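Geometric and topological summary
Next come the chains, spelled out residue by residue.
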Amino acid sequence: MYAEVVFSIASFRSFTYKIPQNLMSNVGVGMAVNAPFKNKIQIGYIVSQSDFSNYKGKLNEIDSLYEGHPNIPEDLWKTIIWMSKYYIAPLGLCIKSALPSIYYKDYSPQKILYIELTSNIDINILKLSKNQKIVMDFLQTEKKSVLASTIKNIVPNPYYTINALEKKQLIKKIYLEDNVGETYSQKIKITLSKKQKDIFNTILPSIKKSINKNFLIHGIPGSGKTEIYVKLAQEVIKSGKNVMILIPEIILTAQMQKRFIQYFGNHIAMWHSKMTNKEKQQTIKNILLGENKIIIGARSSIFAPMPNIGLIVIDEEQDHSYKQDSPKPYYNARDIALIRSKYSQCPTILTSATPSIESYYNTLIGKSQYIELKERYYKSKDPVVQVIDMIKNIDNDEHAVISNELEQSIKETLNNEKQIILLNNRRGYASTVFSKELQGPILCESCNVPMSLHKSFQKLLCHYCDYNEDYNKIDKNFDNYVLNGYGTEKIYEITKKKFPNAVIARLDSDTLQKKSNLSSILKDFSSGKINILIGTQMISKGLDFNDVDLVGVVNADYGMFIPDFRSGEKTFQIISQVIGRSGRRNTQGKAIIQTYNPDDSNLLNAIKSNHKTFYSSNLAERNELQYPPFFRICRLIFSGEDIERVNQIADSVTNVFQKNKSFKVLGPSEAPISKIKNQWRINSLIAVKKDDPLHIQNFFERKFGTQLLEKKYKNVNIKMDIDPINML
């Protein structure tokens with residue numbers, strides 16, 4: 001017997017091994033094995049088995065089965081195979097993405113020291129020091145085991161005293177695992193509105209009958225979409241199955257975790273990039289032991305080795321952070337979730353206040369069932385929206401960034417002891433720094449992009465390669481420079497000057513570099529300790545705060561004019577979402593939108609909640625231009641240090657596609673960001689009808705082979721991005 005084995009490398013090849021006699025009855029497809037590879041024993045996965053091999057050379061034997069965990073569940077294995085074919089990515093890399101090295105490390109949980117009395121003894125008859133008596137008296141009062149670390153609050157040198165009492169056999173030490181998170185015993189019941197019950201009853205039969213069906217819940221912000229799928233998740237768990245919930249932003253995990261613990265106790269697992277290895281290892285252990293019935297996490301959580309899945313939820317399904325741009329494979333977790341639910345034979349729920357055009361279109365052609373939820377859960381009125389044309393303030397230094405209308409509304413909201421969210425979708429202090437000497441912006445040395453000023457770091461920073469320069473050279477010769485554009489740091493500085501008595505916090509990727517910052521900021525804002533929260537688009541969706549009465553969009557135009565066919569959709573989504581953060585309980589909120597383009601159709605549709613108009617106009621435009629969802633597209637990115645060679649390879653490869661009449665080809669042309677990390681970049685866009693989902697992939701493999709994607713071809717990298725989101 002022979003087995004084809006793949007390893008976690010950037011190669012499309014599999015390697016043939018003999019299956020030793022003692023393993024023949026134990027091995028199977030998808031199982032992890034130890035096999036000799038590159039002069040050492042490495043973990044590989046069996047992708048197929050056969051009774052014969054065409055290889056004429058000497059074949060090595062599989063050494064042994066991998067005794068650690070996990071072997072890949074069947075539904076996940078089929079999903080990974082699909083992922084490799086669809087995204088034309090090496091199977092080994094897909095396995096590595098699904099099962100990173102953290103899965104294979106032995107988990108030794110940290111032990112926490114507790115102490116307790118060995119028996120109930122009268123301490124007055126014992127010969128004890130003063131500190132020993134204090135500790136003994138404390139333990140007798142507590143009448144339970146206590147954390148040893150708490151003893152330091154009542155005596156000096158606590159561990160000396162603890163050791164002395166242990167020697168006298170008056171106390172004993174107990175080492176327990178440090179379980180991540182708190183324990184909650186009480187669970188909250190959910191009461192659904194009539195409309196929510198109708199939606200619940202529409203989806204429930206698919207759960208009970210294990211039917212693979214997709215549902216899109218299009219609900220306005222604050223309509224109670226979460227309560228519906230929480231109630232459905234309870235039904236899934238009652239039936240003995242498990243639930244996966246995908247969320248796009250790490251910022252949503254803290255609120256979601258707190259919310260779900262209220263409903264499910266400690267049966268939930270979290271998964272996101274800010275977790276420590278210890279936390280991830282504990283999560284994997286709990287999933288495999290069946291202790292966690294629900295996993296909530298960002299895109300990589302869709303690969304969790306959770307068995308017996310009864311429901312998959314994709315919250316904020318429109319969010320572009322579900323797409324992985326780097327490293328390989330370049331997958332979209334939303335689409336992976338739909339495939340995994342197919343192989344798990346379970347329903348999928350997609351939720352959004354602003355569904356992607358692709359997901360909305362799928363409901364029109366019958367791939368998903370459309371469910372609309374138009375009323376707010378707490379019966380509050382929709383926010384009052386005011387649009388400010390900032391062209392009128394262009395020469396007004398006092399109100400060039402924060403208009404008079406927004407400033408007065410902030411003042412009024414603070415006087416009413418309510419909270420404010422200010423959205424500005426640029427981090428840093430200034431977007432560009434113009435040099436009078438160079439007569440242009442200061443550019444990154446490695447990328448053809450302007451560097452942004454980050455005052456908090458005292459750095460000029462490139463947002464594409466993280467190259468930085470000290471701010472001091474500008475600070476010393478400030479008259480030679482002009483700061484253009486404004487980021488969240490600048491908005492923070494302006495609001496701090498205008499409202500010195502307000503407590504203001506900033507939430508962007510800079511402030512989230514410390515894991516503790518996120519939870520502390522959200523906790524303080526939720527409790528009312530923070531009056532004004534300033535942030536990038538991460539604060540625009542999913543968050544739920546009781547006392548936010550005002551939302552201000554400092555500049556609604558960011559992203560409006562980027563060279564991307566989705567730019568209008570992105571504008572519509574972010575403005576619609578952030579307006580929905582205001583007035584979510586019993587009071588009517590207010591939203592102020594500052595823009596230099598008050599007549600933009602997508603902006604107006606968002607402000608007026610004209611969803612049907614937005615979708616119909618954008619679908620017509622996409623159809624005419626042969627873009628998704630009517631056509632499937634692939635972006636080919638050619639990059640290298642020699643621009644002439646890059647152009648040559650781009651022309652050569654693109655020309656092969658152009659000769660085939662089934663493809664519509666745009667390019668090759670210079671990428672909007674023409675150089676990143678000293679690599680010149682050329683784009684080609686390939687569009688094809690959606691009849692065959694693998695048409696582009698199979699054509700490329702047939703004409704060029706997969707080796708062009710494994711490593712540099714003539715010193716040029718070729719990236720093949722199926723269903724691209726980032727067009728820059």
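Residues numbered from 1 in each chain as written. Predicted model: local features only at pLDDT ≥ 70, side-chain atom pairs only at ≥ 80, totals over all residues. Heavy atoms only, no water.

Some words on the overall build of the protein chain
To keep it simple, the criterion reads: Every helix listed is a DSSP run of H or I at least four residues long, and every strand listed is a run of E at least two residues long, numbered separately from the N terminus. Classification of residues uses two cut-offs on accessible area relative to the type maximum, computed with a 1.4 Å probe and protein chains only: under 20% is buried, over 50% is exposed, and between them is partly exposed. Note on contacts: a residue pair qualifies if any of its non-hydrogen atoms lie within 4.5 Å across the two residues. Only four residue types enter the charge count, namely Lys and Arg as positive and Asp and Glu as negative; His and the chain termini do not. By convention, charge coordinates are those of NZ in Lys, CZ in Arg, CG in Asp, or CD in Glu.
Looking only at helices and strands, the protein chain has 20 helices and 31 strands in total. Expressed along its principal axes, the backbone C-alpha trace of the protein chain runs to roughly 95 × 80 × 60 Å. Looking at the 728 residues of the protein chain, the share that counts as buried comes to 53%. For the protein chain, long-range pairs separated by at least 24 residues make up 74% of all intrachain contacts whose partners lie at least 6 apart in sequence. Charge separation in the protein chain, taken as the distance between the mean sites of 97 positive and 73 negative side-chain charges, equals 5 Å.

Structural notes on the confidence of the model for the protein chain
Rule in force here: pLDDT expresses, on a scale from 0 to 100, how confident the predictor is about each individual residue.
In this model, the protein chain carries an average pLDDT of 88, and 95% of its residues clear a pLDDT of 70 or more. Confidence over residues 179–186 falls short of pLDDT 50; this stretch has eight contacts with residues more than four positions distant or in other chains.

Here's the deal with helix 4 (residues 158–167)
The condition is simple: In this description, one arc is meant: the one made by directions from the helix axis to the C-beta atoms.
What helix 4 keeps buried is the set Pro-158, Thr-161, Ile-162, Ala-164 and Leu-165. Axial view of helix 4: buried residues confined to an arc of 165°, hence all on one face. For helix 4, exposure combined with an orientation more than 90 degrees from the buried face picks out Tyr-160 and Lys-167. Just beyond helix 4, the residue with positive phi is Gln-169, at close to 60°.

Focus on the pairing of strand 4 (residues 40–50)
Put simply, the test is: For two strands to pair, DSSP has to find at least two bridges joining them.
Here five bridges tie strand 1 (residues 2–6) to strand 4, and the two strands are oriented antiparallel to one another. Across the sheet, the residue bridging to Ala-3 is Gln-49, located in strand 4. Here six bridges tie strand 3 (residues 32–37) to strand 4, and the two strands are oriented antiparallel to one another. Counted as the bridge partner of Ala-35 is Gln-42 from strand 4. Counted between consecutive antiparallel strands, the loop separating strand 3 from strand 4 contains two residues, among which Lys-38 sits at a positive phi close to 55°.

Looking at the sheet that holds strand 22 (residues 468–470)
Selection criterion: Convention adopted: a line fitted to C-alpha atoms gives each axis, helices being fitted over their contacting stretch, and angles between N-to-C directions are expressed from 0 to 180 degrees.
The sheet built from three strands is open, its strands ordered 20-21-22 with antiparallel pairing. Every other strand in the sheet has two partners, leaving strand 20 (452–454) and strand 22 as the edge strands with one partner each. In this sheet, neighbouring strand axes are inclined to one another by 30° on average, regardless of whether the strands run parallel or antiparallel. For strand 20 and strand 21 (residues 459–461), the ladder comprises three bridges, and the chain directions are antiparallel. Within strand 21, the position partnered with Leu-453 by the bridge is Leu-460.

With respect to the sheet that holds strand 10 (residues 242–246)
Taken in spatial order, the seven strands make up an open sheet running 11-12-10-13-14-9-15, and their pairing is parallel. Since the sheet does not close on itself, it has two edges, and those belong to strand 11 (268–271) and strand 15 (369–373), each with one partner. For this sheet, the mean angle separating the axes of adjacent strands, direction not counted, is 15°. Relative to strand 14 (residues 348–352), strand 9 (residues 214–219) runs parallel, the two sharing five bridges. Bridged to Leu-216 within strand 14 is Leu-350. Across the sheet, helix 5 (residues 194–208) touches strand 9, strand 13 (309–314), strand 14 and strand 15, and the angle it forms with strand 15 is around 160°.

A short note on the pattern of salt bridges
In plain terms, the rule: One speaks of a salt bridge when a side-chain nitrogen belonging to Lys or Arg is within 4 Å of a carboxyl oxygen belonging to Asp or Glu.
Inspection of the entire model under this criterion finds 21 salt bridges. A salt bridge links Asp-198 to Lys-194; the shortest N-O distance between them is 3.5 Å. Of this pair, Asp-198 and Lys-194 both sit in helix 5, separated by four residues, roughly a single helical turn. By relative accessible area, Asp-198 is classed as partly exposed at 36%. Several salt bridges converge on common partners, so that one network encompasses Glu-317, Arg-334 and Asp-335.

Some remarks on unusual backbone geometry
Between Ser-326 and the following residue, Pro-327, the backbone shows a cis peptide bond with an omega angle of -5°. Of note, Pro-327 is situated in the loop between strand 13 and helix 9 (333–344). Across the junction of Pro-628 and Pro-629, the peptide omega takes the value 15°, indicating a cis bond. Tracing the sequence through the fold places Pro-629 in the loop between helix 17 (611–625) and strand 28 (631–640). One non-glycine residue, Glu-417, lies in the positive phi region at around 60°. Position of Glu-417 among the secondary structure elements: in the loop between helix 11 (404–415) and strand 17 (419–423).

What to know about the packing of helix 5 against helix 6 (residues 225–238)
As a reminder, the rule being used: Two helices that cross are described as forming a left-handed crossing if the nearer one is turned anticlockwise from the farther one by less than a right angle, and a right-handed crossing if clockwise. In this classification, the charged set is Asp, Glu, Lys and Arg, the nonpolar set is Ala, Val, Leu, Ile, Met, Phe, Trp, Tyr, Cys and Pro, and all remaining amino acids, among them Gly, are polar.
Contact pair helix 5 / helix 6: the axes reach a minimum separation of 10 Å and the direction vectors enclose 35°. For the pair helix 5 and helix 6, the sense of crossing is right-handed. Residues Gln-196, Ile-199, Phe-200, Ile-203, Leu-204 and Ile-207 of helix 5 form the contact with helix 6, whose own contacting residues are Glu-227, Ile-228, Lys-231, Leu-232, Glu-235 and Val-236. Here the residues of the contact of helix 5 with helix 6 sort into eight nonpolar, one polar and three charged.

Re the nonpolar core
Basically, it comes down to this: Take the buried Ala, Val, Leu, Ile, Met, Phe, Trp, Tyr and Cys residues and link them wherever side-chain atoms come within 4.5 Å; each set so joined is a nonpolar core.
Ile-203, Leu-232, Ile-245, Phe-260, Ile-296, Leu-507 and Ile-575 are the most contacted members of the largest nonpolar core, which has 78 residues in total. In this view, Ile-245 contacts Tyr-229, Phe-260, Ile-294, Ile-295, Ile-296, Gly-297 and Val-313; residues no more than four positions away in its chain are not counted. Counting residues in hydrophobic clusters, the runner-up holds 63 residues, among them Trp-77, Phe-657, Val-665 and Val-716.

Re the state of the cysteines
Heads up, the rule is: Note on terminology: disulfide denotes any pair of cysteine sulfur atoms within 2.5 Å.
Taken as a whole and assessed by the stated rule, the structure comprises zero disulfides. Counting only cysteine sulfurs, Cys-444 is the nearest neighbor of Cys-462, a cysteine outside any disulfide, at a range of 3.7 Å. When its relative accessible area of 0% is taken as the criterion, Cys-462 is described as buried. Free of any disulfide, Cys-465 has its nearest cysteine sulfur in Cys-444, 3.6 Å distant.

Side note on the pairing of strand 13
What counts here: Note on handedness: a crossover is taken as right-handed if, strands pointing away from the viewer, the path from the first strand over the helix to the second is clockwise.
Of all six residues that make up strand 13, six are buried, and the element is covered over most of its length. Across five bridges, strand 10 lies against strand 13 in parallel orientation. Along strand 13, the bridge assignment pairs Val-243 with Leu-311. As paired strands, strand 13 and strand 14 are joined by three bridges and run parallel to one another. Across the sheet, residue Ile-314 finds its bridge partner in strand 14, namely Leu-350. In the classification by handedness, the crossover that spans strand 13, the intervening helix 9 and the parallel strand 14 is right-handed.

Let's talk about the packing of aromatic side chains
Convention followed: The criterion for an aromatic pair is that two Phe, Tyr or Trp rings (for Trp, the six-membered ring) have centres within 6.5 Å, with stacked assigned to planes under 30 degrees apart, edge-to-face to planes over 60 apart and tilted to the rest.
Tallied over the entire structure, the rule returns 24 aromatic pairs. Seen from their ring centres, Phe-7 and Phe-37 are 4.2 Å apart, and the 10° between their planes marks the pair as stacked. Taken together, the residues Phe-7 in the loop between strand 1 and strand 2 (15–18) and Phe-37 in strand 3 connect sequence positions 30 residues apart. Classification of Phe-7 by relative accessible area gives buried; the value is 3%. Of the residues examined, Phe-37 reaches a relative accessible area of 9% and is grouped as buried. With a centroid separation of 5.8 Å and an interplanar angle of 85°, the aromatic rings of Tyr-360 and Tyr-370 are classed as edge-to-face. With Tyr-360 in helix 10 (residues 357–364) and Tyr-370 in strand 15, this pair connects stretches of sequence that are ten residues apart.

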